[in-house]
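Each chain, letter by letter, is given below.
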Amino acid sequence: MEIAIGIILGCCALGAGMAMIAGIGPGIGEGNAVAKACEAIGRQPECQGQVTTTMLMGCAIAETTGLYALVIAILLIFVAPKMLVKVLVETMKGLS
């Protein structure tokens, strides 16, 4: 029983870590967007407002994937282990 609980906790922690890898993509994408926006403003300073507005909207949309990954990681750390251990205990009681 203790081994099964250890496996559940380990797999939840591993899954949470893998979910947080999704934070790399938005960081790289937003960095590229800001770099291109700076280049565009450098070429045409009169378009600064439009470029900045579009860049901020794109960064906000790109960030949602990182936020979803954070929510999944938090659920895997705090919610899933309790639920899975409860299911394991109920299953073991049903078998005996």
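Residues numbered from 1 in each chain as written. Predicted model: local features only at pLDDT ≥ 70, side-chain atom pairs only at ≥ 80, totals over all residues. Heavy atoms only, no water.

> Is there a simple way to explain the overall build of the protein chain in this structure?
What the protein chain contains, in helices and strands, is four helices and zero strands. For the protein chain, the N- to C-terminal ordering of α and β elements is α-α-α-α. Compactness check: the protein chain gives a C-alpha radius of gyration of 22 Å against a globular reference of 12 Å for 96 residues, more than 25% above the reference. Viewed in the frame of its principal axes, the protein chain has a C-alpha envelope of about 75 × 15 × 15 Å. Counting every position in the protein chain, which comprises 96 residues, the buried fraction comes to 16%. Counting only contacts in the protein chain whose residues sit at least 6 apart along the sequence, the fraction spanning at least 24 positions is 80%. When the accessible surface of the protein chain is totalled, it reaches about 6,900 Å², and 75% of it is carbon and sulfur. For the protein chain, the distance from the average position of its 5 positive side-chain charges to the average position of its 6 negative side-chain charges is 9 Å. (Helix = DSSP H or I, 4+ residues; strand = E, 2+ residues; numbered from the N terminus. Rg over C-alpha atoms; globule rule 2.2 N^0.38 Å. Buried < 20%, exposed > 50% of the residue type's maximum accessible area, 1.4 Å probe, protein only. Contact = heavy atoms within 4.5 Å. Areas by Shrake-Rupley, 256 points an atom, 1.4 Å probe, with all protein chains shown as cover. Lys, Arg positive; Asp, Glu negative; His and termini not counted. Charge placed at Lys NZ, Arg CZ, Asp CG, Glu CD.)

> Mind showing me how you'd approach the packing of helix H3 (residues 48-78) against helix H4 (residues 80-95) here?
Relative placement of two packed helices is described by the angle separating their axes and the distance separating the axes. For the pair H3 and H4, the least separation of the axes is 4 Å and the interaxial angle reads 40°. Judged on the interaxial angle alone, H4 and H3 are oblique. Mapping the contact onto sequence places Leu75, Leu76, Ile77 and Phe78 in H3 and Ala80, Pro81 and Lys82 in H4. A per-class count over the contact of H3 with H4 returns six nonpolar, no polar and one charged. (Axes fitted to C-alpha atoms, helices over the stretch in contact; angles between N-to-C directions. Parallel < 35°, antiparallel > 145°, perpendicular 65-115°, else oblique. Nonpolar A, V, L, I, M, F, W, Y, C, P; charged D, E, K, R; others polar.)

Function-wise, these values are silent; they only describe arrangement.
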